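Residues per chain are reported as follows:
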Amino acid sequence: MNARPWLKIVSVLVGLFLTVPTLVVIPMSFSSSQTFRFPPQGWSLQWYERLFTSPEWSTAILNSLQVGLLTTLLATTLGTAAALGLAMLGSRARGLATGFLLSPIIIPNILIALVVFSAFLRLSLTGTLFGIALAHTAIALPFVVIAVTARLQGMDASLQKAGTSLGAGPLSVFRKITLPLALPGVLSGAVLAFITSFDEVVISLFLQSPTTLTLPVQMFNSVTVQIDPTISAASSLMVVLVSGPILLAQVIGARRGKAGRQ
Amino acid sequence: MPASTASPPTAASAPPAGRRPAARRRRAAALLLLLPALIALILFFVLPLLDIIIGSFTDPEPGLGNYLALFSDGYTLRVLGRTLLVALIVTLVGLLLGYPYAYMMTLASPTTRAVMVTVVLVPFWTSMMARNFAWMVLIQDGGVVQGILSLVGLSGVTLLGTATGVALSMTQVLLPFMVLPMFSVMQQIDRRLLLAGQSLGASRLSTFRKVYLPLSLPGVISGGSLVFVLALGFYVTPALLGSPQSALIAQIISVRTRDLLDFGGAGAMGVLILVVTLIALGASRRLAGTGTAVAAHAVAAGGDR
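All figures in this text were calculated on a predicted structure; none of them were measured in a lab.

### What to know about the environment of S184 of chain B
Part 1 of the reasoning: Counting through the fold element by element, S184 of chain B comes out in helix α7 (residues 163-186).
Part 2 of the reasoning: Counting along the chain gives 12 residues from S184 of chain B to Q172 of chain B, while the straight-line C-alpha distance between them is 20 Å.

Here it is in structure tokens:
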């Protein structure tokens, strides 16, 4: 291609700016020192040991997993149903309903946190894992709707018609044709929902109580309230758990997309 | 695509009027499927939001008191100004970094392009806490970034605890929202127009300025407005990398809400951000078509449009 050398250099530099900085958490997590000095002076596994054995960190991990799974269940169910519903609407109603369902993406999280906090205070849902999961469901819902809708739009509508013309009722068309074909979208929606919840800080911070600290909140407190280098091990864990599945899905998706085009 | 008119074999020999109930049944089913999500969103989001908006006008006492206080206490106005400034800087720097990157994406081979899309989405899909902790380590006093800066003659620049450090981290994570809308617009530009310009005697630079730049402007507008709007609401980054002296509006909202339980005052700030957000998105929609929504989808769906 006729790209100028400077253009390539700038693109590579921007690419490095996007990817490299976060990687420092991995060497940091094996540091032997109590400070955040980088590069580390010596090596140890003490922060990983603390992450998995100290009560405050292991409880936080368990809390995050519980909230994440509950959010995934709720958001995937509601979102998949909604996406199927959207696909059946006329284009005008579909546009309106889609806009409404996706609106939590555009609203700043701080505003969602404020709104949810004041409402949950009255419903005594603050300081409960269930309350956090409910709030996370609202922000995870759009990702499920988008993932499932994208899948449904790529679907060949004549398959459903063929099923119907061969005598299948609407329910068995749904169960035997629509749902299996939509499944990859549902699964990727579920992964996105889990990650959205597992990584969410602001809302969990607002709704926190000493017994409902999620992992990101514990990490937040470990640099703002006290200085606890365990955050470096937690960060590495997060990078592996959060970025890993997404990047894998990206690579698989890109490969499948390419195969489809050929 | 719902094909409500084109499915003759449904009911063996349905008379034309017989389709009506089928269509109605279909709409009822759609509504039934949508209802749980709509109710959840209304119950846990829309109603509380309305409550906060109303509260911002009535909370201690009815009237515009909360809003007047925003503009009269001096402090809030300064924070608001700083927030707008940081958002603007992040948008401009993002534009400078993102434009060549997006342009390169249009020239690259499909494989390289797929890699570039993945790379641009990396910060978006890296854990927010891990990313900010990493920046904290890098920009601390005596850290790597300071070392690099002192190599180029800028020694003793403090980044951690300043708005500059905050803007640095925000630029990184908001770049996908800048690059993807620009890329989707640039991809549709017919490159023969550039050849035409050059064959008519224009230099490369003036072809770019007179042909390419105007054609790519819708992408610039939708990416820029999206980044600007998202930057207004950042809480975690300024809380970790900034300081109380360089607080942004979200931090003030947090203090008002959690420490002071001043929902009226916090609500007024929240409404202000929301209004700015809606105005910016509305303006960009008018200027650049529906690019913003498309971009949000692209990012959310992992960039595979």
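### Some thoughts on the UniProt feature "transmembrane region" (unreviewed entry) in chain B
All names here are of chain B.
Part 1 of the reasoning: Residues annotated by UniProt as "transmembrane region" (unreviewed entry) correspond here to residues 29-57, 77-102, 114-139, 211-236 and 263-283.
Part 2 of the reasoning: Annotated as 100% helix and 0% strand, the span residues 77-102 places its first and last C-alpha atoms 36 Å apart.
Part 3 of the reasoning: As a span, residues 211-236 carries 88% helix and 0% strand, and end to end its C-alpha atoms are 41 Å apart.

### Observations regarding unusual backbone geometry
What you tend to see is this: most non-glycine residues have negative phi, and most peptide bonds are trans.
Part 1 of the reasoning: One non-glycine residue, S124 of chain A, lies in positive phi territory at about 45°.
Part 2 of the reasoning: With respect to the helices and strands, S124 of chain A occurs in the loop between α6 (109-122) and α7 (129-153).
Part 3 of the reasoning: Within the chain, L261 of chain B stands out as a residue other than glycine whose phi angle is a positive 50°.
Part 4 of the reasoning: Counting through the fold element by element, L261 of chain B comes out in the loop between α11 (249-259) and α12 (263-288).

### Concerning the side chain of E200 of chain A
Part 1 of the reasoning: Its place among the elements puts E200 of chain A in the loop between α9 (170-198) and α10 (202-206).
Part 2 of the reasoning: No salt bridge forms around the buried E200 of chain A; measuring N to O, its nearest opposite-charge neighbour R258 of chain B is 11 Å away.
Part 3 of the reasoning: Among the polar contacts listed, one links the side chain of E200 of chain A to the backbone nitrogen of V202 of chain A, at a separation of 2.9 Å.

### Observations regarding the interface of chain B and chain A
Part 1 of the reasoning: Of the residues lining the interface, 87 residues belong to chain B; the matching set on chain A comes to 88 residues.
Part 2 of the reasoning: For the pair chain B and chain A, the summed buried area comes to about 7,700 Å², and 80% of that belongs to carbon and sulfur atoms.
Part 3 of the reasoning: Interface area lost by chain B to chain A is led by F44, W125 and F133 of chain B, which between them contribute 10%.
Part 4 of the reasoning: For the interface between chain B and chain A, the tally reads 1 salt bridge.
Part 5 of the reasoning: Put simply, D51 of chain B and R122 of chain A hold a salt bridge, and the shortest N to O gap is 2.5 Å.

### A look at the confidence of the model for chain A
Part 1 of the reasoning: When pLDDT is averaged along chain A, the result is 87, and 94% of the positions lie at 70 or above.
Part 2 of the reasoning: The least confident element of chain A is helix α12 (residues 230-261) of chain A, whose mean pLDDT is 75; the most confident is helix α4 (residues 55-88) of chain A, at 94.

### As for the UniProt feature "domain: ABC transmembrane type-1" (unreviewed entry) in chain A
Part 1 of the reasoning: The UniProt feature table records "domain: ABC transmembrane type-1" (unreviewed entry) at residues 61-249 of chain A.
Part 2 of the reasoning: Secondary structure content for residues 61-249 of chain A is 83% helix and 0% strand, and the end C-alpha separation is 24 Å.

### Remarks on the UniProt feature "domain: ABC transmembrane type-1" (unreviewed entry) in chain B
Part 1 of the reasoning: Mapped onto the present numbering, the UniProt feature "domain: ABC transmembrane type-1" (unreviewed entry) falls on residues 80-284 of chain B.
Part 2 of the reasoning: When the span residues 80-284 of chain B is considered, its composition is 78% helix and 0% strand, and the gap between its end C-alpha atoms is 22 Å.

### A few points about the domain arrangement of chain B
Residue and element names in this part refer to chain B.
Part 1 of the reasoning: Taken domain by domain, chain B comprises domain 1 (16-58) and domain 2 (65-300).
Part 2 of the reasoning: The interface of domain 1 with domain 2 comprises 6 residues on the first partner and 7 residues on the second.
Part 3 of the reasoning: With both chains or domains summed, domain 1 and domain 2 bury close to 470 Å², and 75% of this area falls on carbon and sulfur atoms.
Part 4 of the reasoning: When the buried area of domain 1 at its contact with domain 2 is split by residue, I52, I53 and S56 rank highest and sum to 72% of it.
Part 5 of the reasoning: Taken together, the links from domain 1 to domain 2 amount to 0 salt bridges.

### Quick look at the packing of aromatic side chains
Part 1 of the reasoning: Within this structure, the stated rule accounts for 15 aromatic pairs over all chains.
Part 2 of the reasoning: Measuring from centroid to centroid gives 5.2 Å for F30 of chain A and Y48 of chain A, while their planes differ by 35°, and the two rings are tilted. A residue pair is termed long-range when its members are at least 10 positions apart, and F30 of chain A in the loop between α2 (25-29) and α3 (46-53) and Y48 of chain A in helix α3 qualify at 18 residues.
Part 3 of the reasoning: Given the relative accessible area of 32%, F30 of chain A is considered partly exposed.
Part 4 of the reasoning: Here a set of aromatic residues connected by ring pairs shows up, and it is made of F143 of chain A together with F124, W125 and F177 of chain B.
Part 5 of the reasoning: If you follow R258 of chain B out to its NZ or CZ, it ends over the ring of F206 of chain A, 5.2 Å from the centre.

### Examining the nonpolar core
Across soluble globular proteins, nonpolar side chains have a tendency to be buried as a group.
Part 1 of the reasoning: Residues F120 and L215 of chain A are the most contacted members of the largest nonpolar core, which totals 136 residues.
Part 2 of the reasoning: Per element, the largest residue contribution to this core is 13 residues, and it comes from α7 of chain B.
Part 3 of the reasoning: Formed by 17 residues, the second largest nonpolar core is a distinct cluster that contains A82, A97 and L102 of chain A together with A37 of chain B.

### Quick notes on the pattern of salt bridges
A side chain of one charge can pair with a side chain of the opposite charge if their charged atoms are brought near each other.
All names here are of chain A.
Part 1 of the reasoning: With the rule as written, the count across this model stands at 6 salt bridges over all chains.
Part 2 of the reasoning: The shortest N-O distance in the salt bridge between R50 and D228 comes to 2.7 Å. Of this pair, R50 sits in helix α3 while D228 is found in the loop between α11 (215-224) and α12, placing the two residues 178 residues apart along the sequence.
Part 3 of the reasoning: Judged by its relative accessible area of 28%, R50 falls in the partly exposed class.
Part 4 of the reasoning: Residue classification places D228 among the buried residues on the basis of a relative accessible area of 5%.
Part 5 of the reasoning: Within the structure, one salt-bridge network assembled from shared partners comprises R50, E56 and D228.

Conventions we followed
Residues numbered from 1 in each chain as written. Chains lettered and ligands numbered in written order. Predicted model: local features only at pLDDT ≥ 70, side-chain atom pairs only at ≥ 80, totals over all residues. Heavy atoms only, no water. Helix = DSSP H or I, 4+ residues; strand = E, 2+ residues; numbered from the N terminus. UniProt positions renumbered as here; feature names shortened; annotations may be inferred. Buried < 20%, exposed > 50% of the residue type's maximum accessible area, 1.4 Å probe, protein only. Lys, Arg positive; Asp, Glu negative; His and termini not counted. Salt bridge = Lys/Arg side-chain N within 4 Å of Asp/Glu carboxyl O. Polar contact = N/O pair within 3.5 Å; in protein donor to acceptor, adjacent residues only side chain to side chain. Contact = heavy atoms within 4.5 Å. Buried area = accessible area lost by both parts, 1.4 Å probe. pLDDT = per-residue confidence, 0-100. Domains from an automatic or database assignment. Phe/Tyr/Trp six-rings, centres within 6.5 Å; stacked < 30°, edge-to-face > 60°. Lys NZ or Arg CZ within 6 Å of the ring centre and 35° of its normal. Core = buried A, V, L, I, M, F, W, Y, C linked by side-chain atoms within 4.5 Å.

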